[in-house]
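Here is what each chain is made of, one letter per residue.
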Amino acid sequence: MINQILAILSAILAALVYGFVKGKKSIEILENEQAAKQVQEKNKYVDDARKLTDDERAKLVQKLTKKRTE
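From a predicted model like this one, the values you see are computed outputs, not experimental measurements.

### Some details on the overall build of the chain
For the chain, the helix and strand inventory stands at 2 helices and 0 strands. Its C-alpha atoms give the chain a radius of gyration of 26 Å, clearly above 11 Å, the size a compact globule of 70 residues would have. By its C-alpha atoms, the chain is 85 × 30 × 5 Å across when sized along the principal axes. The buried share of the chain, reckoned over its 70 residues, is 0%. Looking at the chain as shown, the accessible area adds up to about 6900 Å², and 62% of this sits on carbon and sulfur atoms. Positive and negative side-chain charges in the chain, numbering 14 and 10 respectively, have mean positions lying 3 Å apart.

Right, here's the structure in full:
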């Protein structure tokens, strides 16, 4: 009787630990996906900036520094 109760409790504990570890890995995967999306977005801005002409780049820098000083 006691052995059956202990077996049930250890099965429940094992399930909880498994769920916790699996949940933690899922969170890590989501964080990695978010980081990858941020890197892709930054790369997109870098590529867009490379396509600008010198005049367009100067205007953009002027606009951004003006906003920063305000």
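### Thoughts on a nonpolar patch on the surface
A cluster of nonpolar side chains, Met1, Ile2, Ile5, Leu6, Ile8, Leu9, Ile12 and Leu16, forms an exposed patch at the surface whose accessible area comes to about 870 Å². One can find Leu6 in helix H1 (residues 2-51).

### Some details on the pattern of salt bridges
Applying the stated rule across the entire model yields 3 salt bridges. Between Arg50 and Asp47 there is a salt bridge, with its nearest N and O atoms 3.6 Å apart. Taken as a pair, Arg50 and Asp47 lie in helix H1 at a separation of 3 residues, close to a single helical turn. Classification of Arg50 as exposed rests on a relative accessible area of 63%. Arg57 is the salt-bridge partner of Asp54, the closest N and O atoms lying 3.2 Å from each other. Of this pair, Asp54 and Arg57 both sit in helix H2 (residues 54-69), separated by 3 residues, roughly a single helical turn.

Conventions used here
Residues numbered from 1 in each chain as written. Predicted model: local features only at pLDDT ≥ 70, side-chain atom pairs only at ≥ 80, totals over all residues. Heavy atoms only, no water. Helix = DSSP H or I, 4+ residues; strand = E, 2+ residues; numbered from the N terminus. Rg over C-alpha atoms; globule rule 2.2 N^0.38 Å. Buried < 20%, exposed > 50% of the residue type's maximum accessible area, 1.4 Å probe, protein only. Areas by Shrake-Rupley, 256 points an atom, 1.4 Å probe, with all protein chains shown as cover. Lys, Arg positive; Asp, Glu negative; His and termini not counted. Charge placed at Lys NZ, Arg CZ, Asp CG, Glu CD. Patch = residues over 30% accessible without salt bridge, like charges linked within 9 Å, V, L, I, M, F, W, Y side chains within 5 Å. Salt bridge = Lys/Arg side-chain N within 4 Å of Asp/Glu carboxyl O.

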